[in-house]
Each structure stands twice: as structure tokens, then as C-alpha cells.
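Here's the letter readout for the chains.
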Amino acid sequence: MDCLFCKIVAGEIPADIVYESETAIGFRDINAQAPTHVLVIPRKHIATINDIGDEDQALVGSLYTAARDIAAAEGIADEGYRTVMNCNESAGQSVFHIHLHVLGGRPMGWPPF
Ligand code: 5GP
Ligand code: ZN
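Residues numbered from 1 in each chain as written. Chains lettered and ligands numbered in written order. Predicted model: local features only at pLDDT ≥ 70, side-chain atom pairs only at ≥ 80, totals over all residues. Heavy atoms only, no water.

A. Region of the structure containing the overall build of the chain. Secondary structure assignment for the chain yields 2 helices and 5 strands. When the helices and strands of the chain are listed from N to C terminus, the series reads α-β-β-β-α-β-β. Whereas a compact globule of 113 residues would reach a radius of gyration of roughly 13 Å, the chain reaches 13 Å, a difference of no more than 12%. Long-range contacts, defined as pairs at least 24 residues apart, comprise 51% of the intrachain contacts of the chain with a sequence gap of at least 6. Of the roughly 6600 Å² that the chain leaves accessible, carbon and sulfur atoms contribute 52%. In the chain, 7 positive and 15 negative side-chain charges are present, and the distance between their average locations comes to 4 Å. (Helix = DSSP H or I, 4+ residues; strand = E, 2+ residues; numbered from the N terminus. Rg over C-alpha atoms; globule rule 2.2 N^0.38 Å. Contact = heavy atoms within 4.5 Å. Areas by Shrake-Rupley, 256 points an atom, 1.4 Å probe, with all protein chains shown as cover. Lys, Arg positive; Asp, Glu negative; His and termini not counted. Charge placed at Lys NZ, Arg CZ, Asp CG, Glu CD.)

B. Geometry of the coordination of the zinc ion (ligand 2). Around the zinc ion (ligand 2), the protein contributes the donor atoms C3 (SG), C6 (SG), H45 (ND1) and H97 (ND1), at 2.0 to 2.3 Å from the metal centre. Coordination at the zinc ion (ligand 2) is tetrahedral, judged from the 4 donor atoms that bind it and the angles of 107 to 116 degrees they form at the metal. In the primary structure, the donors to the zinc ion (ligand 2) are separated according to the pattern C-x2-C-x38-H-x51-H. With C3 in the segment before α1 (4-10) and H97 in the loop between β4 (81-84) and β5 (100-104), this residue pair connects regions lying 94 residues apart in the sequence. Judged on exposure class, the residue C3 and its partner H97 are both buried. (Donors = N, O, S within 2.8 Å, 3.2 Å for Na, K, Ca; no water. Tetrahedral: all angles 85-135°; square planar, octahedral: opposite > 155°, others 65-115°. Buried < 20%, exposed > 50% of the residue type's maximum accessible area, 1.4 Å probe, protein only.)

C. Quick peek at the environment of N86. By the secondary structure assignment, N86 is in the loop between β4 and β5. N86 gets classed as buried once you look at its relative accessible area, which sits at 19%. Filtering out sequence-adjacent residues up to four positions away, N86 remains in contact with A91, G92, Q93 and H101.

D. Quick look at the site of ligand 1. Taken together, 15 residues surround ligand 1, and among them D29, G92, S94, H99 and H101 come closest. Between ligand 1 and N86 there is a distance of 2.9 Å, counted from an oxygen atom to a side-chain nitrogen or oxygen. For ligand 1, an oxygen atom lies 2.8 Å from a polar atom in the side chain of H99. Burial of ligand 1 by the surrounding chains reaches 82%, relative to a free accessible area of 520 Å². Contributions of two or more residues to the shell around ligand 1 are made by α1 and β2 (24-28). (Near = heavy atom within 4 Å. Polar contact = N/O pair within 3.5 Å; in protein donor to acceptor, adjacent residues only side chain to side chain.)

E. Summary view of the pairing of β2. With 4 of 5 residues buried, β2 is to be regarded as a mostly interior element. Two strands pair when backbone bridges link them, and strand β1 (residues 17-20) and β2 are joined in this way by 3 bridges, in the antiparallel orientation. Looking across to β2, one finds that Y19 is bridged to G26. Here β1 folds back onto β2, and the loop between the two strands holds 3 residues. As paired strands, β2 and strand β3 (residues 36-42) are joined by 5 bridges and run antiparallel to one another. If you follow A24 over to β3, its bridge partner there is P42. (Pairing = 2+ DSSP bridges.)

Interpretation note: all reported values are geometric properties and have no functional meaning in isolation.
Next up, the structure:
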């Protein structure tokens, strides 16, 4: 399968990995939109939110405990941070292996555009 993020999981493409667990990894976004911008992905390939299976509930939950730990390690847990997962083109998804953006270190506007 020709998936960029599967290649990062496999170590075939380098990434600045800041978090690793049995089910997920976190690495810095190559085009950071905030002082902290980490992508948390499952090791398992899932293309979009629409492809998440009922059996993946714990796996997807582990993306959020990863985000929690990354925010603490980055020192942004108390001030606040945003998690975003885009689904399909209109929402801005460009890599079709689900990823939770963890953004912080600056104020976040709302609503997002
Ligand atoms: P999306 O637009 O799908 O929600 O987010 C994809 C993210 O992946 C973008 O923020 C983009 O900067 C990031 N990205 C794309 N290619 C690479 C890469 O090769 N390495 C890393 N670290 N991030 C990437
Ligand atoms: Zn993949």
C-alpha cells in the first residue's frame, strides 16, 4: 500500500517522532501551523473517520490519550490546545491515514475556516 503515514510507522520515511505506544505514534507536522503541531496516528492503516470500525474504538481512544500525554510533555496542557481530525477533501484531509492534529502554543480562533 502506498501510504505516506504507513511508511512513517514502518520507519521507511523519517519523522520527528515525539510519542510512541503500542497502538499509536506522534510526530511533528512538517508544515507546522502552531508552535506545537504534532500528528497522532494509529499504527494500523485507517483511511478516514468513515472507515473506523466498531472494533477500532479503543484504538481511536488511544489517539486521545496520546494527545493528552503529548500536550503535557509540550507544556501546553494547562493553557489549552486543539485537537482536529479532518475527514475527506472538503474538510481539508490531504493524507488518507487518519491523524489527530494536536495544535498549541498560540491562541486558536473559532470557528475554524
Ligand atoms: P490533513 O491536511 O490531511 O488534515 O493533514 C496532513 C498533514 O500532514 C499536514 O498538516 C501536512 O503538513 C502533514 N504532512 C504531509 N506530509 C508530511 C510528511 O512527510 N511528514 C510530516 N511530518 N508531516 C507531513
Ligand atoms: Zn496508512
